[in-house]
Amino acid sequence: MAASDPIADMLVKVQNAAKAGHEKVDTPASKMKLEIVKILKTEGYIKNFKKVQDDDGHSVIRIFLKYDDVNNSVIHGMKKISTPGRRVYSGYKDLPRVYNGFGTLIVSTSSGVTTGKKASEKMVGGELICTVW
């Protein structure tokens, strides 16, 4: 059965794998997911990622999770904001802060997928995808 919200499915897979202590997790690839994973890498929430082919020939993103020195996950939580049934948009002046600046907001803008901080610097709003802390 196809997922009705593939981005939320990816976020839940990553969060569950991090809580279970897995080294890596695979999720079906798409351009939007790849951009979100790139942001997670640059913000320091994951070690690395790579796009690979699975056994059936489908493209998947292999995400290598990051843990601190006592094996606690660096990702404490992830929350999807926009859903297929309820899209949430915001102007650059009204972008919410995540845990008073300690978390990351991921926004889909007209100039691509970026963090909330970079979107407000560029003075561009857009669809609020998710928050990570």
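Residues numbered from 1 in each chain as written. Predicted model: local features only at pLDDT ≥ 70, side-chain atom pairs only at ≥ 80, totals over all residues. Heavy atoms only, no water.

Some details on the nonpolar core
Of all hydrophobic cores here, the largest spans 25 residues; its most connected members are Val14, Ile46, Ile63, Leu65, Ile106 and Val132. Residue assignment for this core shows that the elements contributing at least two residues are helix H1 (6-20), helix H2 (31-42), strand S2 (46-53), strand S3 (59-65) and strand S8 (126-132). Looking at this core, the element that brings in the most residues is H1, giving six residues. Excluding anything up to four places from it in sequence, Leu65 contacts Val14, Ala17, Ala18, His22, Glu23, Val25, Ile46 and Lys47. In this structure, Leu105, Val107, Ala119 and Leu128 belong to the second largest nonpolar core, which totals eight residues. (Core = buried A, V, L, I, M, F, W, Y, C linked by side-chain atoms within 4.5 Å. Buried < 20%, exposed > 50% of the residue type's maximum accessible area, 1.4 Å probe, protein only. Helix = DSSP H or I, 4+ residues; strand = E, 2+ residues; numbered from the N terminus. Contact = heavy atoms within 4.5 Å.)

Details of H2
Quick reminder: α-helices carry 3.6 residues per turn. Residues three or four places apart thus point the same way. Between its terminal C-alpha atoms H2 stretches 17 Å, which fits the 16 Å expected from twelve residues at 1.5 Å a residue. Within H2, the full set of buried residues consists of Lys33, Leu34, Ile36, Val37, Ile39 and Leu40. Immediately beyond the C-terminal end of H2, within one or two residues, lies Gly44, with a positive phi of roughly 85°. (Expected span 1.5 Å × (residues − 1).)

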